[in-house]
Number of protein chains: 2
Amino acid sequence: MDRDDPWSVTDRSIHDTLAALRDEEANAAVATVVDVEGSAYRRPGAKLLAPADGDALGAVTAGCLDGPVNSLAADVRDSGTATVETFDLTDGEEWGLGLGCNGIIDLLVDPLDDSYDPLLDALADHEAATALTVVRSADPEVPVGSRTTVTADGDASGSDRPGVPEDALDSLRAAAEDAMAEGTSGVVTVEREAGVLDVFVDGVEPAPELLLFGSQNDAKTVAKFGAAAGFRVTVASSRGARADGEQFPDAHRVVATHPTEVAEHVQAPERTYAVLMSHNLVDDRLALEALLRDTAVPYVGLMGPRERFDELRDALAGDDVALTQSELDRVSTPVGLDLGDGSPTGIALSIVAEATAVANDAAGGRLREQSGHIHPRVDPST
Amino acid sequence: MDRDDPWSVTDRSIHDTLAALRDEEANAAVATVVDVEGSAYRRPGAKLLAPADGDALGAVTAGCLDGPVNSLAADVRDSGTATVETFDLTDGEEWGLGLGCNGIIDLLVDPLDDSYDPLLDALADHEAATALTVVRSADPEVPVGSRTTVTADGDASGSDRPGVPEDALDSLRAAAEDAMAEGTSGVVTVEREAGVLDVFVDGVEPAPELLLFGSQNDAKTVAKFGAAAGFRVTVASSRGARADGEQFPDAHRVVATHPTEVAEHVQAPERTYAVLMSHNLVDDRLALEALLRDTAVPYVGLMGPRERFDELRDALAGDDVALTQSELDRVSTPVGLDLGDGSPTGIALSIVAEATAVANDAAGGRLREQSGHIHPRVDPST
């Protein structure tokens, strides 16, 4: 969707805007959810960007702390000093019984300085990273906001703030690696002689990639829903078919490729979700083979009925390149979740919902079924 | 989404545009898929509007017939006469092995005249209707394009074209009622002494309604995805909270209501999908009770964790208005499909995907699971 609501921007937009604000050396503060207890709308790691010029982008609550957070951000922009604030929304009247507004929430609010650069560099390289930030300190030598970022290339700090002390880093390394692999965030307490530190371990992953092989009209619709859901969208058109950015206003990248070379356009294989929708059986087969053999993409959705895939698989077997079970496990066909809506928008919704589910290791069924049927009365002990 | 791609517009947009073009007495042709055999992208009933002024809207194929369809539409606009054309895309070279482009497709192309008015009137009243249109005729008295529309108020024809003959109508009534109830479309052959007729029975339902109770930021995001997926979206804000159309650019209607009166804003109960997201437990409880007791809405999604619903249900039981099992069956909590994405856009995608699945009697899981696991080799007899 092209009109981004500033509140509900995707992580992709947050990352892109962080990088753009750093590029222009903008005066901005970043609020990050560090810890929540009770009913909170956003989880640890959720961010809000508050530049001096322009509107805030992102959300750290469902809306109940807009005023206080904005004023805190203004203070941080002025002082240049990171701070951690606890908001207790449990005591009733002021915030009411509001969902997502009756928990306790810890926010880190810090200036957008060069301590963010190692993280942003990693994201630009399609790599995850973990920012380690001191959020409580009993060591007078280690101020709140001290930050070291763990990346695939090693540890890095900015020059504007101290790093996390070496002796603490050692005991944080395992947590940092886990957070990087899982994209999770949470607080780790480090007991040290010089004073206990609470460190926010913020694993940040690049946005997932949606690779659409095909350039018919229906790819446009999938691109639109995919971008809206937070994917970075590449449209790869085959055989010199139209590969025009203007045709795909929601795609972040449009490339022309031969189907056998589609793998060359996979930039972050382990977080790329591919959909084959060239509408041409031969092209789809060549692209399927290339993606399964030459990349580690976890998901290749194939448009069309099951019979079409049978045909395609038999053709591969005839060519003596029969698919293995582990390759088949990566193929999703018929592509999409079962939404029963065969319209172009229904199909796009179904595909993007499935790619989202697979990207998050979720099953795609109805949540209410997973928590058991609802009964008029439940035993309070269950 | 606010930039509608003309090809992938929703049925809601098609209906709205049909009505607008009729209002301004525009010169336009309508192409409708009547029958398909083999691999077709769109199902019978899919429509494309081709006004003399302006771009075509909608899709009857995946894009393989754009030229022929547009030229046929121009002929129909000139002649004012309905026509049915068969396109055989099975013979290889010209359309290739294209998915959705290697079947046989029958298109009805007719002028947008007053024979459309009974259908459009029904849709404006939030009611379904079935248009019966002769698509093949062995009776010289009954031209192709003859149309009678069956509505809840009875049968109606326009004055610009003949209706379907009375003797044929009798044998079509059951099919028309079924099509109206299910929103399905297909051809029925009527054997008559005066000559066999093939009649296209086109059941058309109004767009499904998404009723969002709540006016926080997150409602905005659900409205955006809901509108993009083809719902007509109403935002009902409670207790005089902001109920400003400008706050909800994707909502088709914004109303302020007391939670106990939310049922008054349900215009088409059997196709309304409600989501309670006021973030206020008392308001959500009152609205839940009102929707379940005063309306027949089939789906009430409730934001928040399962425990929140337990609390709410216990409060109802304490008020001696315990929910019955059939009422509970209409409640979906936790709301949404299991996509594992807790961001604002992920939650909105999950809710709209679930409402779409429920609206289409679909289960929401992965389609590939439903068709069985994929094996390297399958017995061709299965």
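Because the structure is predicted, anything quoted here is derived from the model rather than measured.

S.K.: Run through the relation of the copies chain B and chain A, naming residues and quoting values.
M.R.: Mapping chain B onto chain A calls for a screw motion: a turn of 180° about the axis and a shift of 0.0 Å along it, with 0.0 Å RMSD after fitting. The superposition of one copy onto the other is thereby described by a two-fold rotation axis. Minimal C-alpha separation from the rotation axis in chain B is found for Gly365 of chain B, amounting to 2.0 Å. When the interface residues of chain B are mapped onto chain A, 100% of them again lie at the interface, so the same face is used by both copies.

S.K.: So what's going on with the packing of aromatic side chains? Which residues, and what values?
M.R.: Residues and elements named next belong to chain B. Taken as a whole, this structure holds four aromatic pairs over all chains when the rule is applied. Relative to Tyr273, the ring of Phe231 lies with its centre 6.2 Å away and its plane at 70°, an arrangement referred to as edge-to-face. Note that Phe231 is positioned in the loop between helix 5 (217–228) and strand 12 (232–238) and Tyr273 in strand 14 (residues 272–276), a separation of 42 residues in sequence. Judged by relative accessible area, Tyr273 falls into the buried class, the value being 6%.

S.K.: Explain the interface of chain B and chain A to me, and be specific about the residues and the numbers.
M.R.: Listed per partner, the contact involves 85 residues of chain B and 86 residues of chain A. Summing both partners gives a buried area of about 7500 Å² for chain B against chain A, and 55% of it is carried by carbon and sulfur. Between the two partners, chain B and chain A, sit four salt bridges. A salt bridge links Glu354 of chain B to Arg366 of chain A; the shortest N-O distance between them is 2.9 Å. Secondary structure elements with two or more residues in the side of chain B that touches chain A: helix 5, helix 6 (281–294), helix 7 (306–318), helix 8 (325–328), strand 16 (331–332), helix 9 (344–359) and helix 10 (367–370) of chain B.

S.K.: Residues and numbers for unusual backbone geometry, please.
M.R.: Here the amide bond leading from Thr333 of chain A into Pro334 of chain A is cis, since omega sits at -5°, within 30 degrees of zero. Mapped onto the elements, Pro334 of chain A comes out in the loop between strand 16 (331–332) and helix 9 (344–359). Phi is positive for Glu25 of chain B, which is not a glycine, with a value near 50°. As for its placement among the helices and strands, Glu25 of chain B is situated in the loop between helix 1 (11–23) and strand 1 (28–40). With phi around 65°, His279 of chain B is a residue other than glycine that occupies positive phi space. Mapped onto the elements of the fold, His279 of chain B is located in the loop between strand 14 and helix 6.

S.K.: Tell me about the domain arrangement of chain A, and name the residues and values.
M.R.: Residues and elements named next belong to chain A. The domains assigned to chain A are domain 1 (11–112), domain 2 (115–204) and domain 3 (209–359). Tallying the contact residues gives 19 residues for domain 1 and 16 residues for domain 2. Interface of domain 1 and domain 2: buried area, both sides summed, is about 1400 Å²; carbon and sulfur atoms make up 63% of it. On inspection of domain 1 and its partner domain 2, the count reaches five salt bridges. Salt-bridge contacts for Lys47 lead to Asp202; the nearest nitrogen and oxygen are separated by 2.6 Å. For the pair domain 1 and domain 2, the number of links is seven residue pairs in polar contact (both at pLDDT 80 or more). Sorting the residues of the side of domain 1 that touches domain 2 by element identifies helix 1 (11–23), strand 1 (28–40), strand 4 (83–88) and strand 5 (101–111) as the ones contributing at least two each. Residues that form the side of domain 1 that touches domain 2 fall into these classes: eleven nonpolar, four polar and four charged.

Rules used in this analysis
Residues numbered from 1 in each chain as written. Chains lettered and ligands numbered in written order. Predicted model: local features only at pLDDT ≥ 70, side-chain atom pairs only at ≥ 80, totals over all residues. Heavy atoms only, no water. Least-squares fit on C-alpha atoms with pLDDT ≥ 70 in both. Contact = heavy atoms within 4.5 Å. Phe/Tyr/Trp six-rings, centres within 6.5 Å; stacked < 30°, edge-to-face > 60°. Helix = DSSP H or I, 4+ residues; strand = E, 2+ residues; numbered from the N terminus. Buried < 20%, exposed > 50% of the residue type's maximum accessible area, 1.4 Å probe, protein only. Buried area = accessible area lost by both parts, 1.4 Å probe. Salt bridge = Lys/Arg side-chain N within 4 Å of Asp/Glu carboxyl O. Domains from an automatic or database assignment. Polar contact = N/O pair within 3.5 Å; in protein donor to acceptor, adjacent residues only side chain to side chain. Nonpolar A, V, L, I, M, F, W, Y, C, P; charged D, E, K, R; others polar.

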